[in-house]
Amino acid sequence: MKLIYKAYNLGMALSENQITVLSVENPKAYSSILCDIWNQTQGGEGGFILSKEGELRNIAKEVDCIFNPFALDFNGKRVINRLYQELQEQANTSLMNESISLNGSIVAYLDELSRQVPYALEYALDFDIVGLMKLYNVKMECFGECLLEKIVEYLRVMSHVCGMKNYVFVGLKQCLTVEELKQLYEFVFCEKINLIIIEYIHSAPISGEKGWILDRDLCIIDL
């Protein structure tokens, strides 16, 4: 897979077992790059191109951009929709008998409840597992205590529930220690996740990273 930024002829290969680090030292370019990657991950326009084996890919569907790792949303719309879809599939297959029994109990309860009032009532007889999940506010629970644990748990959820394998983090190397970064890299390598880190200043490289610098003169330095 390859990520290209047209404005500066910047092409970065996203390879397995490799962390991509882009250091942007020009403030205007830094602002432009962050604005574009955010817009495109939200479904808008921008200068990035994502491709795999020559085929263009939809950045909004295949890349998640995190500006603030301290405010990770484990229950965003994308996660909840996919979670409820998975739960519905389980209810209709491995728990089909239980679902039928539960629906029968609910209908019987509503029948009895309707007899307690002096007017006719009607209600749906079909079992709606998604409606039940919403009623009981079913959602993901985060067990992470420190920032590293929360990031790992977030990546695990997004990867397994939503199938998301490409992540852009802004300034991540300024938030974690070298040892924490090494642990994070080990995790994403095992999960076959592509991690792209964008930072405003070049930091000391860590094993497993592949770096590019866009300097103040807009020259690309391939490390």
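In this text the structure is predicted, and so the values were computed from the model without any measurement.

Ile151, Leu155, Tyr167, Leu184, Tyr185, Val188 and Leu195 are the most contacted members of the largest nonpolar core, which has 38 residues in total. Elements that contribute at least two residues to this core include exactly β3 (19-24), α3 (77-92), α5 (129-135), α6 (147-162), β7 (166-170), α7 (178-191) and β8 (194-199). If you tally residues by element for this core, the top one is α6, at nine residues. Of all hydrophobic cores here, the second largest spans 24 residues; its members include Ala29, Cys65, Val170 and Ile196.

The buried fraction of strand β9 (residues 209-214) amounts to five of the six residues, a majority that puts the element mostly inside the structure. Pairing between β9 and strand β10 (residues 220-222): three bridges, direction antiparallel. Following the sheet pairing, Leu214 is matched in β10 by Ile220. Taken together, β9 and the strand that follows it, β10, pair antiparallel across an intervening segment of five residues, in which Leu218 is found at a positive phi of about 65°.

Time to look at the packing of aromatic side chains. Applying the stated rule across the entire model yields five aromatic pairs. One aromatic cluster is present, formed by Tyr5, Tyr8 and Phe48 through successive ring pairs.

Let us look at the pattern of salt bridges. Going through the model one piece at a time under the given rule, you end up with six salt bridges. Note that Glu16 and Lys192 form a salt bridge whose closest N and O atoms lie 3.0 Å from each other. Within this pair, whereas Glu16 is found in the loop between β2 (10-13) and β3, its partner Lys192 is found in the loop between α7 and β8, the two being separated by 176 residues in sequence. On the basis of relative accessible area, Glu16 is assigned to the exposed category, the value being 52%. Taking the shortest distance from any N to any O, the salt bridge between Arg57 and Glu62 comes out at 3.0 Å.

With mixed pairing, six strands are arranged side by side in an open sheet as β6-β7-β8-β3-β9-β10. Each having just a single partner strand, β6 (64-66) and β10 make up the two edges of the open sheet. Sheet twist, expressed as the average angle between the axes of neighbouring strands with direction ignored, equals 20°. As judged from the four bridges shared by β3 and β8, these two strands associate in the parallel manner. By the bridge assignment, Leu22 is partnered in β8 with Ile198. Along the sheet face, α7 touches β3, β8 and β9 and points at about 145° away from the line of β8.

The subject of this paragraph is α6. The terminal C-alpha atoms of α6, which comprises 16 residues, lie 21 Å apart, in line with the 22 Å expected from a rise of 1.5 Å per residue. Among the residues of α6, Leu147, Leu148, Ile151, Val152, Tyr154, Leu155, Val157, Met158, Ser159 and Val161 are the ones counted as buried. At its buried positions, α6 is contacted by β6, α3, β7 and α7. Just past α6, the residue Gly163 takes up positive phi, approximately 70°.

On to unusual backbone geometry. One non-glycine residue, Glu53, lies in the positive phi region at around 50°. By secondary structure assignment, the location of Glu53 is in the loop between β4 (48-52) and β5 (55-57). According to the relative accessible area criterion, Glu53 is exposed, its value standing at 81%. Phi at Asn137 is positive, roughly 55°, even though this residue is not glycine. With respect to the element layout, Asn137 can be found in the loop between α5 and α6.

Procedures and definitions
Numbering of residues starts from 1 in each chain and follows the order in which that chain's sequence is written. Only residues with pLDDT of 70 or above have their local features reported here, since the model is predicted, and side-chain atom pairs are shown and tallied only from 80 upward, although totals for entire chains, interfaces and linings are computed over all residues. Hydrogens and waters are ignored; side-chain quantities use all the structure's heavy atoms. The nonpolar core is taken to be a set of buried Ala, Val, Leu, Ile, Met, Phe, Trp, Tyr and Cys residues, with the residues joined through side-chain atoms within 4.5 Å. Relative accessibility decides the category of a residue: with a 1.4 Å probe and only protein chains considered, values under 20% of the type maximum give buried, values over 50% give exposed, and everything between is partly exposed. Secondary structure follows DSSP: runs of H or I at least 4 residues long count as helices, runs of E at least 2 residues long count as strands, and numbering of each begins at the N terminus. Between any two strands, at least two bridges found by DSSP are needed for them to pair. In this scheme Phe, Tyr and Trp rings, the latter by its six-membered ring, pair at centre separations within 6.5 Å, and the angle between planes marks the pair as stacked below 30 degrees, edge-to-face above 60, and tilted otherwise. Salt bridges are defined as contacts in which a side-chain nitrogen from Lys or Arg sits within 4 Å of a carboxyl oxygen from Asp or Glu. Every axis in this analysis is a line fitted to C-alpha atoms, fitted for helices over the stretch in contact. Angles between the N-to-C directions lie between 0 and 180 degrees. In this description, contact between two residues means that some pair of their heavy atoms is separated by no more than 4.5 Å. How far a helix is expected to stretch is found by multiplying one less than its residue total by 1.5 Å.

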